[in-house]
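Report on the structure
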Amino acid sequence: MKSPYVKKSIKKKIIGYTTAVIITLVVIASFIMVLSMNSLTDTILLDTLQPMVKEASKTVEGNLHMLADRMMSLADDKRLTIRGENYERNCKDVLSEAKEVYELYTIGLYNKDGSLFLGDSESPKSIASEIIFKYLTETDNFSIGESSIFQNNLGITMGMPVKINEETSFYLMGVYKYDALNDVISNINIGESGKPIIIDSEGKIIGHQDTDIIKSQKNIFDDCSDSAKNLYNRMLTGETGSGQAIIDGENTFIAFSPIRGTHWALSIQVPKSDYMYLINNAIMGTSITAFIMLLISIALIYKLSNTISVSVNKATKRIVRLADGDLKTQVEVVNSKDEIELLTSSLQTTVKSINYYMSEIKRILSDISNGNLDIIVDGDYRGDFVVIKSSLLHIIDSLNDTMFMIGDSANRLSGTAEVLNNESERLHTASVTQNDSAEKLVNEVETVKKELFDVSVNSKNTKEKVAEIANKIEKGNERMAVLAQAMEDIGTSAQEITEISKVIEDIAFQTEILSLNASVEAARAGDYGKGLGRVSLLKKASAPLILTPHLMEM
C-alpha cells in the first residue's frame, strides 16, 4: 500500500538530486575551464608573441645591418674616395661589381643636389624628391628609405654619403632585393593564419607575406577598428608591446616592436580563432569525459538508490500496515550491514514489542470487564511503555478503591433510606394539617380580593381628580406668567414716572430761582419793578431757571 503522503519515491529523489548536482558541477567546471583556458591562452600567446616579435625585429635589424655594412664598405672604397685620372672608370667598376655581388636592382652615385653622377640604366636620374635623399642630407650618414617598392619591384633602398677629404662629395644609393625582409617574414609562421607585417612611419605596409598587399601600398589604418588603431599608434611611437584588437571582425592578438635604425615597426598578428580549436577540443574532450562519468555515476547511484529504495519501501509498507493496525505480519530484516539493516531490525523489534504490549493490555481489560480486579501486571515493559504499565496498575488500584467506596456508600445509603421513611410519615401528617390551613387562607384571600377591588375603583376616581387638579394648576401657572409680565410692565412705567417727576422737580426748582431773581430786580426798580415781580411770580411755575450774570455774581 502506498502512503498518500508519498509524492515522489526516494530512489527518484536520489537520482534526480545527484544528477542535478553532477550536471551543475560539470557545467560550472566547464564554464570555469573555458574562462580559465581563454585567459590562459590570452596570457600565453601575448607573453609568447612579444619576445617572438622582438627576436624577429632583431633578425630584420641584423639583415639590414648586413646590407648597411656592405653599403658602408662600398662608400669607403678608395676608388670612390680618392680622385685620380681614371676616377669615373673606377667608380663604374665599383658599382658594377657591387650590383653583381650583392644582388642589387640598381646602384648609383649621385651629386649633392640629387642628380645622377654615375649609374646603370635603371638608376633614377634624380633622387632629390625621394625621402631617402632628405634623410641623407639631414643626417649625413647611412639612411634607409621608407618605401620597399622600386619600379614595381620589391626592394630596400639604402644610401650612404661618399666622403672625399672628409667632406661629402657624393651620395651612394642602392636598391637591394626584397629577400632581406622576405627571409625573415616568410619564416614567421604562427597558427594557421598568423602573419607578420612591417609598416613605415605613416602606417603603409612595406613588409608582408602577400607581396600584392605591399605593391598596393595599403595603409594599415584603412578600415581598422578603434582597438586596432590604438595599438598601431603605439607601434608608430617606437613602443614594444602586445594586445588584442578586432581585425576584419575577428579577435586578434597583436605583438609589435620597432626595427632599430629605421622608421619601421614589425608586428605579428594572430587570430584568436587559430587557437580556439585547441580550447574547443579540450572542452569537447572534457564534456565527453564528464558525460561518460555522469552516466557511470548515474548507473552506480541507480544501483545504490534501488537497493536503498527497495529496503526502505519494504520498511515503509510495514510501517503503513502497522499504522492500519496490523500487528501480526513479520518484518523482513535486510542484511545490508548498514543503517537499513538497523532500521528493519528495529522495526521488527518495535512490532514485536507493540504486539506483546497490546496482548497484555487486552488480557488485563478482559479480566476487568469480567469483574476480576485481582490482577497482576507483570512482563518486561521498556522505555515509554513503562508508563503504560504504571497506568494499568494505577487503574486497577483505582477501580478497587472505587468499588470499596461504592460498597461503603451503599451501606450508608440503606440507613439513610430508613430515616427518610420515618420522616416521610411525619411529613404526611404535617401536609394534612397544612391543607386545612390552606383552605382558610383561600377564604381570607377572597375577602382581600373584594376589598382590593373597591380600592381599585377609589384609585381610579382619585386619578381623575388628580388630573383635574393638574389641569387647574397648569392654567394658574399661565395666569401667574401673565401677572408677572404685567408687574414687570408696571415696574417699567413706575421707573419712567419717577424720571418724569424728577424732571418736574428740576423745573420747579429753576422756576423758584427765577422768581427770586425777579423779586430782587423788582426791589431794585421800585414801583416800576412791582409789576415785573408779579409777572415773575406768575411765570414761576412754567419758566426754566435762567441764571443771569448778575445773579451768578451774587
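These figures come from a predicted structure and were not determined experimentally. (Residues numbered from 1 in each chain as written. Predicted model: local features only at pLDDT ≥ 70, side-chain atom pairs only at ≥ 80, totals over all residues. Heavy atoms only, no water.)

Turning our eyes to something else, we now look at the overall build of the protein chain. Summing up its helical and strand segments, the protein chain has twelve helices and eleven strands in all. Of all 554 residues assigned to the protein chain, the portion counted as buried reaches 29%. For the protein chain, the exposed surface amounts to about 35,800 Å²; the carbon and sulfur share of it is 57%. (Helix = DSSP H or I, 4+ residues; strand = E, 2+ residues; numbered from the N terminus. Buried < 20%, exposed > 50% of the residue type's maximum accessible area, 1.4 Å probe, protein only. Areas by Shrake-Rupley, 256 points an atom, 1.4 Å probe, with all protein chains shown as cover.)

Right, let's talk about the sheet that holds strand β7 (residues 195-199) for a bit. In any sheet, the strands associate via hydrogen bonds between backbone groups, in a parallel or an antiparallel arrangement. Sheet architecture is open: five strands sit in the order β8-β7-β11-β10-β9, paired in antiparallel fashion. With one partner strand each, in any of the chains shown, β8 (205-208) and β9 (241-247) form the two edges of the open sheet. Shown here is a sheet whose adjacent strand axes are inclined to one another by a mean of 30°, direction ignored. Pairing of strand β10 (residues 250-259) with strand β11 (residues 264-271), which is carried by eight bridges, proceeds in the antiparallel orientation. The partner of T252 across the bridge, within β11, is P271. (Pairing = 2+ DSSP bridges. Axes fitted to C-alpha atoms, helices over the stretch in contact; angles between N-to-C directions.)

Time to look at the nonpolar core. I156, M158, L172 and W264 are the most contacted members of the largest nonpolar core, which totals 51 residues. When residues of this core are traced back to their parent elements, those giving at least two are α1 (10-75), α3 (87-101), β1 (104-110), β5 (153-164), β6 (167-177), α5 (179-186), β10 and β11. A total of twelve residues in this core trace back to one element, the largest contributor, which is α1. Beyond its immediate chain neighbours, meaning those up to four positions away, W264 contacts L64, I144, G145, E146, I156, L181, I198, I199, D200, I206, P258 and I259. If you look at the next biggest cluster of nonpolar residues, it comprises 13 residues, including I199, I205, I254 and A265. (Core = buried A, V, L, I, M, F, W, Y, C linked by side-chain atoms within 4.5 Å. Contact = heavy atoms within 4.5 Å.)

By the criterion of burial, β1 is predominantly enclosed, with six of the seven residues buried. As judged from the six bridges shared by β1 and β6, these two strands associate in the antiparallel manner. By the bridge assignment, L109 is partnered in β6 with L172. The hairpin turn running from β1 into strand β2 (residues 116-119), its antiparallel successor, is five residues long, and G114 in that turn takes a positive phi close to 95°.

Turning to the confidence of the model for the protein chain, a few remarks are in order. Should the pLDDT be low somewhere, the predicted coordinates at that spot are not to be read in detail. Across the protein chain, the average pLDDT comes to 76, with 81% of residues at 70 or higher. Of all helices and strands in the protein chain, the one with the weakest mean pLDDT is helix α12 (residues 549-553) (38), whereas β2 scores best (90). Between residues 1-7, whose pLDDT stays under 50, and residues either more than four places distant or in other chains, the model counts four contacts. Counting contacts from residues 534-554, a segment whose pLDDT is below 50, to residues more than four positions away or on other chains yields 29 contacts. (pLDDT = per-residue confidence, 0-100.)

For helix α4 (residues 131-139), the set of buried residues is I132, F133, Y135 and L136. Across the axial projection of α4, the buried residues extend over an arc of 160°, all falling on one side. Where the residues of α4 are buried, they touch β3 (143-144), β5 and β6. Downstream of α4 by one or two residues, D140 has phi in the positive range, about 50°. (Arc of directions from axis to C-beta.)

All of the buried residues along helix α7 (residues 226-236) are A228, L231, Y232 and M235. Axial view of α7: buried residues confined to an arc of 100°, hence all on one face. Summarising the contacts, the buried residues of α7 are in contact with β7, β9, β10 and β11. A positive backbone phi angle near 85° is found at G238, which sits one or two residues after α7.

Let us now look at the pattern of salt bridges. The final tally for this structure, using the stated rule, is five salt bridges. A salt bridge links R79 to D77, with the nearest nitrogen and oxygen atoms 3.2 Å apart. Between K163 and D140 there is a salt bridge, and its shortest N-O distance comes to 3.0 Å. Residue K163 is found in strand β5, and its partner D140 is found in the loop between α4 and β3; the two are separated by 23 residues along the sequence. Each of D77, R79 and E97 takes part in one network of salt bridges that share partners. (Salt bridge = Lys/Arg side-chain N within 4 Å of Asp/Glu carboxyl O.)

It is worth spelling out the side chain of T168 at this point. With respect to the helices, strands and loops of the structure, T168 is situated in strand β6. Of note is the side chain of T168, whose polar atom sits 2.7 Å from the side chain of D140. In this structure the side chain of T168 is engaged in a polar contact, spanning 3.0 Å, whose partner is the side chain of K163. Not counting residues within four places of it along the chain, the set of residues in contact with T168 comprises K112, D140, P161, V162 and K163. (Polar contact = N/O pair within 3.5 Å; in protein donor to acceptor, adjacent residues only side chain to side chain.)

For the rest of this paragraph, the subject is the pairing of β6. Among the eleven residues that make up β6, eight are buried, leaving the element largely enclosed by the rest of the structure. In the sheet, β5 pairs with β6 via ten bridges, with the strands oriented antiparallel. Looking across to β6, one finds that M158 is bridged to G174. Hairpin connection from β5 to β6: two residues lie between these consecutive antiparallel strands, with N165 at a positive phi of about 55°.

In this structure, D42 sits in helix α1. Placed 201 residues apart in sequence, D42 and G243 show a C-alpha to C-alpha distance of 9.1 Å. Apart from the residues lying within four places of it in its own chain, the contact partners of D42 are Q244, F253 and K272.

The next point concerns the layout of surface pockets. Here the largest pocket is characterised by a volume of approximately 420 Å³. Contributing to the lining of the largest pocket are 24 residues, with E130, E146, S147, S148 and I149 lying nearest its centre. Mapped by element, the contributors of at least two residues to the lining of the largest pocket are α4, β4 (149-150), β6 and β8. At three residues, the largest contribution of residues to the lining of the largest pocket is made by α4. (1 Å grid on protein atoms, 1.4 Å probe; cavity = no way out; pocket = protein on both sides within 12 Å on 5 of 7 lines; lining within 4 Å. Points joined across faces, edges and corners; volume = space filled by probe spheres on them.)

Attention now moves to the packing of aromatic side chains. All told, the structure shown has four aromatic pairs when counted by the stated rule. Ring geometry for F221 versus Y232: centroids 5.9 Å apart, planes at 90°, classification edge-to-face. Placement of the pair is F221 in the loop between α6 (211-215) and α7 and Y232 in helix α7, with a sequence separation of eleven residues. Aromatic ring contacts, followed pair by pair, group Y87, F117 and F170 into a single cluster. In this structure, R83 packs its charged tip against the face of Y87, placed 5.1 Å from the ring centre. (Phe/Tyr/Trp six-rings, centres within 6.5 Å; stacked < 30°, edge-to-face > 60°. Lys NZ or Arg CZ within 6 Å of the ring centre and 35° of its normal.)

Taken together, M284, I288, F291, I292, M293, L295, I296 and L300 make up a surface patch of nonpolar side chains, about 790 Å² in accessible area. Structurally, I288 is set in helix α8 (residues 273-323). (Patch = residues over 30% accessible without salt bridge, like charges linked within 9 Å, V, L, I, M, F, W, Y side chains within 5 Å.)

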